[in-house]
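# Structural features, examined
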Amino acid sequence: YSYHTMQMDEVGLQNMYKTGAHRYWVIWGKLIKKEIVEKIPFEVGRIYEDNAVACRWLQEAKVIANSENRYYFYQMNPRGTTKKAFQLKHLDLLWALEEQINFYESVGYQQMKRKICAYYLTTAAWYSHRVRYELKRPDRAGEIRRDMLRLLEENPINTLSLTDSEQKSIRDALHPHIAQIRRLPKVCASVLRSGGMKALAERVRRRLSRAKE
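### Quick look at the packing of helix H1 (residues 10–19) against helix H5 (residues 110–133)
- Two numbers describe how H1 lies on H5: the axes approach to 9 Å, and their chain directions differ by 30 degrees. With respect to their mutual orientation, H1 and H5 come out roughly parallel. Contact with H1, carried on its side by Glu10, Leu13, Gln14 and Tyr17, involves Gln110, Gln111, Met112, Lys115, Ile116 and Tyr119 of H5 and no other residues of that element.
- Residues of the contact of H1 with H5, tallied by class, amount to 5 nonpolar, 3 polar and 2 charged.

Below, the structure is given as structure tokens:
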């Protein structure tokens, strides 16, 4: 059997994150000691629950062994969480990421905390847009924005490893109306090309009607 061991301190966790070996801390590719799972159990009723606890399991284990050998088979579930249409329940991922952030804060792993903060904010920005426009729940989108702002108070956006496009998506999520105004010239040009002034007037009418609701 070929394998190599790795210390599960902050450096070890960062190396796993850097190489993608953590798979966002999902557990399907890991064999975990039963006593660790019993000590740090899943939270009942959540999805993405493994994302919330796997980092704690790894740190509790102290040392892990990476192996290329296949010890078990994994069966794909065609009706699993990732296959379902987007719904409010998927916001549990943000809960799981916040659990990770709290864990890294509690053990003093500041670099890992910042990495997950960046991942949380980019995910929240995408979710906020989908919740607002796809699920038609601006109230829940507003809650996501408030959580993002709370996180940014302690972790300013310029201290996180984010690309320019990621920073833009976060700012657009925090200020959706300003984002719409910035997109307005392109939207107007597209509507005019496809339907002329009549189509543009109808789009403005619908938008004003929604604003009054």
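### Some remarks on the state of the cysteines
- Under the criterion given, the structure shown has 0 disulfides.
- Free cysteine: Cys117, not disulfide-bonded; nearest cysteine sulfur from Cys55 at 13 Å.
- Cys117 gets classed as buried once you look at its relative accessible area, which sits at 0%.

### Looking at the packing of aromatic side chains
- All told, the structure shown has 6 aromatic pairs when counted by the stated rule.
- When the ring of Phe42 is compared with that of Trp57, the centres are 5.3 Å apart and the planes differ by 55 degrees; the resulting orientation is tilted. Here Trp57 lies in helix H3 (residues 49–61) and Phe42 lies in the loop between helix H2 (34–39) and H3, a separation of 15 residues in the sequence.
- Judged by relative accessible area, Phe42 falls into the partly exposed class, the value being 33%.
- Trp57 gets classed as buried once you look at its relative accessible area, which sits at 3%.
- On the numbers, 5.3 Å between centres and 55 degrees between planes, the contact of Phe103 with Tyr104 is tilted. For the residue pair Phe103 and Tyr104, the accessibility class agrees, reading buried in each case.
- Aromatic ring contacts, followed pair by pair, group Phe86, Trp126 and Tyr127 into a single cluster.
- Above the ring of Trp95, the side-chain terminus of Arg46 is found at 4.3 Å from the ring centroid.

### So, empty space enclosed by the protein
- Tallying each qualifying case throughout the model produces 1 cavity of 30 Å³ or more.
- Considered as a void within the structure, the largest cavity measures approximately 30 Å³ in volume.
- When residues of the lining of the largest cavity are traced back to their parent elements, those giving at least two are helix H4 (92–107) and helix H6 (138–154).
- Element by element, the count of residues in the lining of the largest cavity is highest for H6, at 3 residues.

Rules used throughout
Residues numbered from 1 in each chain as written. Predicted model: local features only at pLDDT ≥ 70, side-chain atom pairs only at ≥ 80, totals over all residues. Heavy atoms only, no water. Axes fitted to C-alpha atoms, helices over the stretch in contact; angles between N-to-C directions. Helix = DSSP H or I, 4+ residues; strand = E, 2+ residues; numbered from the N terminus. Parallel < 35°, antiparallel > 145°, perpendicular 65-115°, else oblique. Contact = heavy atoms within 4.5 Å. Nonpolar A, V, L, I, M, F, W, Y, C, P; charged D, E, K, R; others polar. Disulfide = S-S within 2.5 Å. Buried < 20%, exposed > 50% of the residue type's maximum accessible area, 1.4 Å probe, protein only. Phe/Tyr/Trp six-rings, centres within 6.5 Å; stacked < 30°, edge-to-face > 60°. Lys NZ or Arg CZ within 6 Å of the ring centre and 35° of its normal. 1 Å grid on protein atoms, 1.4 Å probe; cavity = no way out; pocket = protein on both sides within 12 Å on 5 of 7 lines; lining within 4 Å. Points joined across faces, edges and corners; volume = space filled by probe spheres on them.

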